[in-house]
Amino acid sequence: MSIFPNIRITEGIPEVIPRRVSDNIQEVYNFLSDALCEVVDFGSQIFIWDINPPDKGETNIAPTMLFRYLLDLVDATSALVKQGSADPSKLLIRTLFEVLLQLEYLFEKDFHNRSMAYLFTDIINEIKQYKAIDPLSPEGRTAKELFEREGISKFKHANDLQRLRTTIEKKEKMLASELFKEVFEEHQNLKMKKIKEIKWYGYFNGPINIRALASHLKMESIYFLLYKRWSGSVHASDIRRGKIVQHGEDSVSILQLRHSKDLQLIASYCISFSIMAFNSFIEKRIPEKLPELKKWYAGQRPNFNIIHLDKLLIEMED
């Protein structure tokens, strides 16, 4: 017996939110979702294979956490695909592409400095978040004024301010330690150039934004497809296009939620980006496992090609 009450008392309108689709359409959704689950499952094997990498210590944080995030994104996409939710999946695919770019850039060269720049930037962001809940810090005062001005919710500071400030002090000392010597010096140079926010891959004359990173890695064409073609869906700036169907001169209809347009393309991108990341990760971290990757891919390639090459869903044209 469930301890939770029955919260579902409203019946959804099928024409708006079709929670049930025909068996043949659901079969396609399931196949696409299962393909992504298979990718995640193989990625979990890679995660375990990497338990004793050649690089030790702090430099392992960047590749490990980026790879974990990649698997998390693919897994979440598989759940949306199973429900036929295409547009929300595009948010995840764009983020997945960014993670792929970061992994590729990390492994390209200068692994140590780039890994430390990733960790350095992460700690800086953590410190900013901590300072924002200290009402006596400039960041905390700014946050408190914002909450009071908008009046939507109440500003809450840290319960133990002394402990919070001690934590911040320790982290700031860590950033200035010998461990981060090269990155700290680069950070100071960037501050002198008055660069307000620089991504970790922008350190040491790196790309200044995600488009520049894609261009550097010769993947700007994919950036164009994902960030131009899908920008309206992602940023809610063009939520009309592809969602309204004209019926004659005086009648239109709005497409249902969970519409499948681009769903197959989403799954195809997801698989391709993941395999690219798998190959780079294994090649740089656990090259002895490359034969297992090739064997797995050879076995699954015919199945993946169904997604890459065949038209499984009939989609409305824009």
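Since the structure is predicted, the reported quantities are computational estimates derived from the model, not experimental observations.

Definitions and cut-offs
- Residues numbered from 1 in each chain as written.
- Predicted model: local features only at pLDDT ≥ 70, side-chain atom pairs only at ≥ 80, totals over all residues.
- Heavy atoms only, no water.
- 1 Å grid on protein atoms, 1.4 Å probe; cavity = no way out; pocket = protein on both sides within 12 Å on 5 of 7 lines; lining within 4 Å.
- Points joined across faces, edges and corners; volume = space filled by probe spheres on them.
- Helix = DSSP H or I, 4+ residues; strand = E, 2+ residues; numbered from the N terminus.
- Nonpolar A, V, L, I, M, F, W, Y, C, P; charged D, E, K, R; others polar.
- Phe/Tyr/Trp six-rings, centres within 6.5 Å; stacked < 30°, edge-to-face > 60°.
- Buried < 20%, exposed > 50% of the residue type's maximum accessible area, 1.4 Å probe, protein only.
- Lys NZ or Arg CZ within 6 Å of the ring centre and 35° of its normal.
- Contact = heavy atoms within 4.5 Å.
- Expected span 1.5 Å × (residues − 1).
- Arc of directions from axis to C-beta.

Q: What exactly am I supposed to notice about the layout of surface pockets here?
A: Think of a ball as big as a water molecule: rolled over the atoms, this probe shows where empty space is left. Space inside the largest pocket adds up to approximately 880 Å³. As for the largest pocket, its lining consists of 34 residues, of which Thr 121, Ile 124, Asn 125, Lys 128 and Ile 198 are closest to the centre. At the level of elements, helix H2 (61–82), helix H3 (86–108), helix H4 (111–131), helix H6 (161–175) and helix H7 (181–192) are the ones that each hand at least two residues to the lining of the largest pocket. Among the elements that take part in the lining of the largest pocket, H4 stands out by supplying nine residues, more than any other. Residue classes in the lining of the largest pocket are distributed as 17 nonpolar, six polar and eleven charged.

Q: Teacher, can you tell me more about the packing of aromatic side chains here?
A: Here a ring pair, both rings aromatic, is described through the centre-centre distance and the interplanar angle of the planes. By the definition in use, this model includes 21 aromatic pairs. For the ring pair Tyr 203 and Phe 204, a centre distance of 6.5 Å and an interplane angle of 55° mean the geometry is tilted. Residue classification places Tyr 203 among the buried positions, given a relative accessible area of 3%. The rings of Phe 42, Phe 47, Trp 49, Phe 67, Phe 107, Phe 111, Phe 278, Phe 281, Trp 296 and Phe 304 are connected pair by pair, giving a single aromatic cluster. Its end group placed over the ring of Tyr 105, Arg 114 keeps NZ or CZ at 3.6 Å from the ring centre.

Q: Which parts of the structure should I look at to understand the environment of Val 16?
A: When you line up the elements, Val 16 lands in the segment before helix H1 (23–49). A residue is classified by how much of its surface remains accessible, and Val 16, at 43% relative accessible area, is partly exposed. Considering only alpha carbons, one finds Val 16 and Leu 257, 241 residues apart in sequence, at a separation of 5.9 Å. Discounting chain neighbours no more than four positions away, the residues touching Val 16 are Gln 256 and Leu 257.

Q: I'm lost on H7 in this one. Help?
A: Residues lying three or four places apart along an α-helix face the same way, a consequence of the helix completing one turn every 3.6 residues. Taking 1.5 Å of rise per residue, twelve residues should cover 16 Å, and H7 covers 17 Å from first to last C-alpha, within 8% of that figure. Every buried residue of H7 is accounted for by Val 183, Glu 186, His 187 and Leu 190. End-on, the buried residues of H7 take up no more than an arc of 105°, which puts them together on one face. Relative to its buried face, H7 has exposed residues pointing more than 90 degrees away, namely Lys 191 and Met 192. Contacts from the buried residues of H7 go to H4. At the exit of H7 stands Lys 194, carrying a positive phi of roughly 60°.

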